[in-house]
Amino acid sequence: MDRKESFAAHIKSGYACKGDSIIIGGAMLDGVPLGGEALVRVPLKTMNRHGLIAGATGTGKTKTLQVVSEQLSEKGVPVLLMDVKGDLSGLAKPGEEKPFITERMAKIGLPFESKGYPVELMSISRQNGVRLRATISEFGPVLLSRILDLNDTQGGVLSVVFKYCDDHQMPLLDLKDLKKVLQYVTEEGKAEIEKEYGKISATSTGVILRKLLELEQQDADLFFGEESFDIADLMRKDKDGRGYVNILRLTDIQDKPKLFSTFMLCLLAEVYGEMPERGDLDKPELVIFIDEAHLIFKEASKTLLTQIETIVKLIRSKGIGVFFVTQNPMDVPKEVLSQLGLKIQHALRAFTAVDRQAIKLTAENFPISDFYKTDEVLTSLGTGEALVTALNEKGIPTPLAVTMVRAPQSRMDILSPEEIDSINRSSNLVSKYNQVIDRESAYEMLNAKIEKAGRLAEEEAARKQQEAARRQPERAGRTTTRRRTGVHPVVKVLTSATFIRGVFGVMNKVIK
Ligand SMILES: Nc1ncnc2c1ncn2[C@@H]1O[C@H](COP(=O)(O)OP(=O)(O)OP(=O)(O)O)[C@@H](O)[C@H]1O
Ligand SMILES: [Mg+2]
């Protein structure tokens with residue numbers, strides 16, 4: 001057997017699957033795809049073991065993400081894509097078969113079938129599409145403390161505030177609610193709170209309020225509130241059994257890393273909290289791709305990072321795969337990196353000493369191969385080619401394979417504004433989630449309470465004055481009593497199924 005034959009046999013046996021799998025592309029030796037049956041397959045069964053798509057700019061990461069999403073959708077696995085650069089909407093429409101695509105597919109030895117996929121467009125800010133929101137109550141004080149990077153004392157204060165609202169059936173829906181309560185507990189409500197829960201330091205609430213302001217400056221007020229998102233809506237299939245490709249449009253989020261990490265953590269925690277334990281499944285329930293993943297790790301505090309690591313580790317058993325897409329694999333924290341089953345590494349560039357160090361480290365993180373010099377391969381891969389290693393059905397790393405990635409079958413370009421509008425118009429989710437609801441919550445209830453207390457105090461003062469006047473009739477004519485109107489009744493509103501999933505929110509189940 002010559003070298004080529006033995007390589008083909010090595011790939012064929014290394015990537016053999018009994019169950020269902022997706023095909024990333026064709027294995028290459030010495031820069032040439034072998035064709036035939038030397039295909040690089042990833043078993044669906046191990047797609048919940050997380051992954052990484054890395055590579056320098058323009059090397060093909062986004063197209064790989066598109067290819068993997070298409071394949072998953074076809075196999076009935078819904079995906080959620082964080083579209084930071086806004087270049088993924090083309091998944092909704094069939095691609096055009098250009099000569100370079102025909103050629104690529106012929107080399108790999110796969111047919112090309114031009115097709116679009118079922119797409120929902122989503123947003124956490126001002127973009128068109130299904131609005132994803134979460135309430136402060138759902139978020140819970142533990143997670144919020146992590147996001148705001150509060151110390152133990154401040155975190156404790158936040159927990160008391162949540163407890164107070166829970167005890168008094170005051171929904172905390174948006175930032176307005178939370179800010180109001182934080183003010184109330186050290187001002188008008190000070191005596192009441194002290195009696196029930198002990199003293200709350202105004203310094204702590206001051207810090208929390210200041211940090212909330214920072215979050216607000218990154219548009220977090222758009223994200224907190226109702227109608228809060230039901231994660232089951234991310235796991236839909238179309239009538240042909242294809243998984244939905246949910247594209248979260250985040251082009252306006254690049255300069256808002258705090259909002260992005262807040263959202264990501266909330267999403268992961270929510271998915272973790274809501275999904276039942278699944279054990280070993282034939283295929284994942286949902287795969288989440290985080291493009292430009294360095295954005296969630298940038299500016300994240302140590303505690304927040306630990307939190308993300310923990311959830312990523314745990315979420316696997318719920319049948320959820322998380323894939324990080326980033327330029328440099330070193331952007332992803334070591335602890336997360338070590339948990340990743342599928343690695344698709346596009347070319348890296350060796351401009352500086354730091355680059356060379358990164359390449360060396362990256363190469364060392366791949367299985368050893370008799371057929372390649374990994375560090376050399378890393379800098380010489382062509383566009384749309386990548387070093388791949390996956391986990392086979394037994395959970396053992398597959399042989400390292402330089403892979404020519406198949407071409408996306410959907411459009412490689414973005415949708416026009418008209419096409420985007422048309423998708424949104426026909427979406428059921430848009431009508432479900434896009435109404436603005438501001439039902440009575442902590443903000444309104446506390447205002448009413450303060451108003452009522454003020455009125456009672458005034459009435460009391462007036463009564464005292466009248467009494468005094470009775471005793472001293474000569475001064476009675478000079479008093480006037482101001483009466484406020486428009487007092488709302490304090491009603492218990494507990495209608496939404498999403499309201500308060502336990503005082504501590506979703507995170508209670510994850511961390512103790
Ligand atoms: N699998 C593929 N099939 C066909 N063409 C590809 C493939 N991968 C990459 N290309 C070509 O390379 C170009 C760049 O790829 P892509 O946009 O995926 O790079 P990227 O790594 O995401 O870049 P950036 O870091 O700038 O986001 C594509 O526009 C396409 O022309
Ligand atoms: Mg890209």
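Everything numeric in this text was worked out from a predicted model, so none of it was measured.

## Observations concerning the overall build of the chain
Helix and strand content of the chain: 18 helices and 13 strands. Counting only C-alpha atoms, the chain reaches 120 × 45 × 40 Å along its principal axes. Expressed as a percentage of the 512 residues in the chain, the buried residues total 47%. Taking as baseline every contact in the chain between residues at least 6 positions apart, the subset at least 24 positions apart corresponds to 80%.

## Concerning the domain arrangement of the chain
Under the domain assignment used here, the chain contains domain 1 (3–132 + 229–433) and domain 2 (136–223 + 442–472 + 483–509). One C-alpha centre belongs to domain 1, the other to domain 2; they are set 43 Å apart. Taken together, the contact between domain 1 and domain 2 spans 17 residues of the former and 15 residues of the latter. Elements with a minimum of two residues in the side of domain 1 that touches domain 2: helix H10 (257–274) and helix H12 (302–315). Among the residues forming the side of domain 1 that touches domain 2, the class breakdown is 7 nonpolar, 6 polar and 4 charged.

## Concerning the packing of helix H6 (residues 175–184) against helix H8 (residues 202–217)
Axes are the key here: two packed helices are described by the angle between their axes and the distance separating the axes. Interaxial distance between H6 and H8 falls to 10 Å at its minimum, and their mutual angle equals 160°. One finds that H6 runs roughly antiparallel with respect to H8. The hand of the H6/H8 crossing is left-handed. Across the interface between the two elements, Leu175, Leu178, Lys179 and Leu182 from H6 touch Thr205, Ile208, Leu209, Leu212 and Glu216 from H8. A per-class count over the contact of H6 with H8 returns 6 nonpolar, 1 polar and 2 charged.

## Notes on the nonpolar core
Ranked by size, the top nonpolar core spans 142 residues in total, and within it Leu81, Phe289, Ile290 and Phe323 carry the most contacts. Looking at which element gives the most residues to this core, the answer is H10, with 11 residues. Viewed by domain, this core spans two of them, domain 1 (3–132 + 229–433) and domain 2 (136–223 + 442–472 + 483–509), each represented by three or more residues. Discounting chain neighbours no more than four positions away, the residues touching phenylalanine 323 are His50, Gly51, Leu52, Ile53, Val287, Ile288, Phe289 and Ile290.

## A closer look at the environment of alanine 468
Positionally, alanine 468 belongs in helix H18 (residues 442–471). Taking the number of C-beta atoms within 10 Å as the measure of exposure, alanine 468 has 12 and is therefore exposed. Between the C-alpha atom of alanine 468 and that of leucine 387, which follows or precedes it by 81 residues, the distance is 90 Å.

## Quick look at unusual backbone geometry
Across the junction of glutamate 226 and glutamate 227, the peptide omega takes the value 5°, indicating a cis bond. Locating glutamate 227 in the fold gives a position in the loop between helix H9 (220–223) and strand E8 (245–249). Even without being glycine, histidine 50 reaches a positive phi, approximately 65°. On the secondary structure map, histidine 50 appears in the loop between strand E3 (39–43) and strand E4 (51–54). Overall, the presence of 25 C-beta atoms within 10 Å leaves histidine 50 in the buried class.

## Points about helix H4 (residues 136–148)
In this model H4 runs just 13 Å from its N-terminal to its C-terminal C-alpha over 13 residues, more than 12% under the 18 Å that 1.5 Å per residue would give. Of all the bends in H4, the greatest, near 65°, is centred on valine 142. For H4, the tally of buried residues reaches 13 of 13 residues, placing the bulk of the element in the interior.

## A look at the environment of glycine 129
Mapped onto the elements of the fold, glycine 129 is located in the loop between strand E6 (119–123) and strand E7 (130–131). Look at glycine 129 and you get buried, because 23 C-beta atoms sit within 10 Å. Once residues within four sequence positions are removed from consideration, glycine 129 is found in contact with Leu121, Met122, Ser123, Arg249 and Asn424.

## So, the environment of threonine 153
By the secondary structure assignment, threonine 153 is in helix H5 (residues 152–167). C-alpha of threonine 153 to C-alpha of serine 441: the two residues are 288 residues apart in sequence and 26 Å apart in space.

## Looking at the confidence of the model for the chain
Fine structural detail should not be taken from predicted coordinates in areas where pLDDT scores are low. Taken as a whole, the chain shows an average pLDDT of 87; of its residues, 92% reach a score of 70 or greater. Across residues 475–504, where pLDDT falls below 50, the model places 43 contacts with residues more than four positions away in sequence or in other chains. A low-confidence stretch, residues 507–512 (pLDDT under 50), is modelled with 15 contacts involving residues beyond four sequence positions or located in other chains.

## Thoughts on the packing of H10 against H12
For the pair H10 and H12, the least separation of the axes is 10 Å and the interaxial angle reads 35°. At the point where H10 passes H12, the crossing takes the left-handed sense. Mapping the contact onto sequence places Ser261, Leu265, Leu268, Ala269, Val271 and Tyr272 in H10 and Leu304, Gln307, Ile308, Ile311, Leu314 and Ile315 in H12. The residue inventory of the contact of H10 with H12, partitioned by class, reads 10 nonpolar, 2 polar and no charged.

## Considerations on the pairing of E6
Counting buried positions along E6 yields 5 of 5 residues, so the element is predominantly enclosed. Taking every second residue as pointing to the same face, both faces of E6 are buried, with Val119, Leu121 and Ser123 on one and Glu120 and Met122 on the other. Sheet analysis places E6 next to E8, joined by 4 bridges and oriented parallel. Its bridge partner being in E8, methionine 122 is matched across the sheet by leucine 248. Bridge analysis of E6 against E7 gives 2 bridges, and the strand direction is parallel.

What counts, and where the lines are drawn
Residues numbered from 1 in each chain as written. Chains lettered and ligands numbered in written order. Predicted model: local features only at pLDDT ≥ 70, side-chain atom pairs only at ≥ 80, totals over all residues. Helix = DSSP H or I, 4+ residues; strand = E, 2+ residues; numbered from the N terminus. Buried ≥ 20, exposed ≤ 12 C-beta atoms within 10 Å, placed from the backbone. Contact = placed C-beta atoms within 7 Å. Domains from an automatic or database assignment. Nonpolar A, V, L, I, M, F, W, Y, C, P; charged D, E, K, R; others polar. Axes fitted to C-alpha atoms, helices over the stretch in contact; angles between N-to-C directions. Parallel < 35°, antiparallel > 145°, perpendicular 65-115°, else oblique. Left-handed = near helix turned anticlockwise from the far one by under 90°. Core = buried A, V, L, I, M, F, W, Y, C linked by C-beta atoms within 7 Å. Expected span 1.5 Å × (residues − 1). Bend = angle between axes of the 7 residues up to and from the residue. pLDDT = per-residue confidence, 0-100. Pairing = 2+ DSSP bridges.

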